[in-house]
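Coordinate inspection notes
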Amino acid sequence: MTIHIEVLKDLDLLYAKGLAIIEAKLEQGATTFGLATGGTMLPLYEKIRASSIDFSSCVSFNLDEYVGLPATHSESYRTFMRMNLFDAKPFAKSELPDGLAADVEAEAIAYEEKLQNAHLNFQLLGIGENGHIGFNEPGTPFDSTTHVVELTQSTRQANARFFNSIDEVPTHAITMGISSILRADTILLIAVGEKKRRPLEALLKGDQTTEVPVTALQDHKNIIILTDLDI
Ligand code: GLP
């Protein structure tokens, strides 16, 4: 396990560091970027928008998308990405799983194929409170590729804050699998706030277990963690 961890209590510095890591990757020639959604990423995308970064010759792949939300829905991940990043910083091409595909299982397989052909130089990652990455919930095999998942009640509850009520939170999503994520050359994991302490501790100090999906990262060769938590 090669983990480079930086604890930054000052969130402005933490996100400035995140921006600097992405800029450095671009300078080193990275062209394919795996992107993430979630509240954790908002300040990072704000910094990217205000920067001079140019992704116009790069390709992006998002980790996941809800099943059944129209692309124009304010909480679809496509809308999230457009509003927070793509409108200001367009990529040559931006891929997200299509949560409205008639056959979502086939869509997951097609997405995985695109991903494997592209090969990610970089993957941005948050963590769920239960240790999920992307939408790989506890119990997901580490060799999983892009697939359709049923979201746990706790994940739907955690994401209900973005909807009018929990009933509106989709029950399923399409997510890159754990092995899809692990293939990226470099992974930048951002964990901010006390709710992320347990999964982060499990990654850094715990045994590897599918019950805490983020512990799969212990097998990766190049992980950078930015956190405000003393661990
Ligand atoms: C969602 C996303 C994850 C994200 C997690 C944490 O479930 N699918 O990719 O890491 O939420 O979100 P937040 O940053 O809002 O805590």
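Further up the page is the structure itself.
All of the points below concern the structure found in this document. Bear in mind the structure is a predicted one, so any value in this text is a computation, not a measurement. (Residues numbered from 1 in each chain as written. Predicted model: local features only at pLDDT ≥ 70, side-chain atom pairs only at ≥ 80, totals over all residues. Heavy atoms only, no water.)

1. A look at the packing of helix α2 (residues 42-50) against helix α3 (residues 77-86)
Helices that pack against each other are described as a pair by the angle of their axes relative to one another and the distance between those axes. Interaxial distance between α2 and α3 falls to 9 Å at its minimum, and their mutual angle equals 45 degrees. Here α2 lies oblique to α3, going by the angle between them. The residues of α3 that touch α2, namely those facing Leu42, Tyr45, Ile48 and Arg49, are Phe80, Met81, Asn84 and Leu85. Class assignment of the residues belonging to the contact of α2 with α3 gives a composition of six nonpolar, one polar and one charged. (Axes fitted to C-alpha atoms, helices over the stretch in contact; angles between N-to-C directions. Helix = DSSP H or I, 4+ residues; strand = E, 2+ residues; numbered from the N terminus. Parallel < 35°, antiparallel > 145°, perpendicular 65-115°, else oblique. Contact = heavy atoms within 4.5 Å. Nonpolar A, V, L, I, M, F, W, Y, C, P; charged D, E, K, R; others polar.)

2. Re the site of the ligand
Neighbouring the ligand are 13 residues, the closest being Gly39, Thr40, Asp64, Arg161 and Lys196. Backbone polar atom of Gly39 to an oxygen atom of the ligand: 2.8 Å apart, as the coordinates give it. A distance of 3.2 Å separates a nitrogen atom of the ligand from a polar atom in the backbone of Gly134. Here the ligand loses 93% of its free accessible area of 390 Å² to cover by the protein chains. Of the residues belonging to the shell around the ligand, the class tally is three nonpolar, seven polar and three charged. (Near = heavy atom within 4 Å. Polar contact = N/O pair within 3.5 Å; in protein donor to acceptor, adjacent residues only side chain to side chain. Areas by Shrake-Rupley, 256 points an atom, 1.4 Å probe, with all protein chains shown as cover.)

3. Some remarks on the sheet that holds strand β9 (residues 186-191)
The parallel open sheet is built from seven strands, whose spatial order is β1-β10-β9-β6-β2-β3-β5. Edge strands, defined here as strands with exactly one partner in the open sheet, are β1 (3-7) and β5 (93-95). When the angles between neighbouring strand axes are averaged without regard to direction, this sheet yields 15 degrees. Examined bridge by bridge, strand β2 (residues 32-35) and strand β3 (residues 59-62) share four bridges and lie parallel to one another. The partner of Leu35 across the bridge, within β3, is Asn62. Of the strands in this sheet, β2, β3 and β5 touch helix α4 (residues 104-118), which is tilted by about 140 degrees from β3. (Pairing = 2+ DSSP bridges.)

4. Observations regarding the pattern of salt bridges
Applying the stated criterion to the full structure yields eight salt bridges. When the shortest N-O distance is used, the salt bridge between Lys47 and Asp12 registers 2.9 Å. Here Asp12 lies in helix α1 (residues 11-27) and Lys47 lies in helix α2, a separation of 35 residues in the sequence. A salt bridge links Arg197 to Glu194; its shortest N-O distance comes to 2.8 Å. Judged by its relative accessible area of 23%, Arg197 is partly exposed. (Salt bridge = Lys/Arg side-chain N within 4 Å of Asp/Glu carboxyl O. Buried < 20%, exposed > 50% of the residue type's maximum accessible area, 1.4 Å probe, protein only.)

By themselves, these observations are geometric and do not establish any function.
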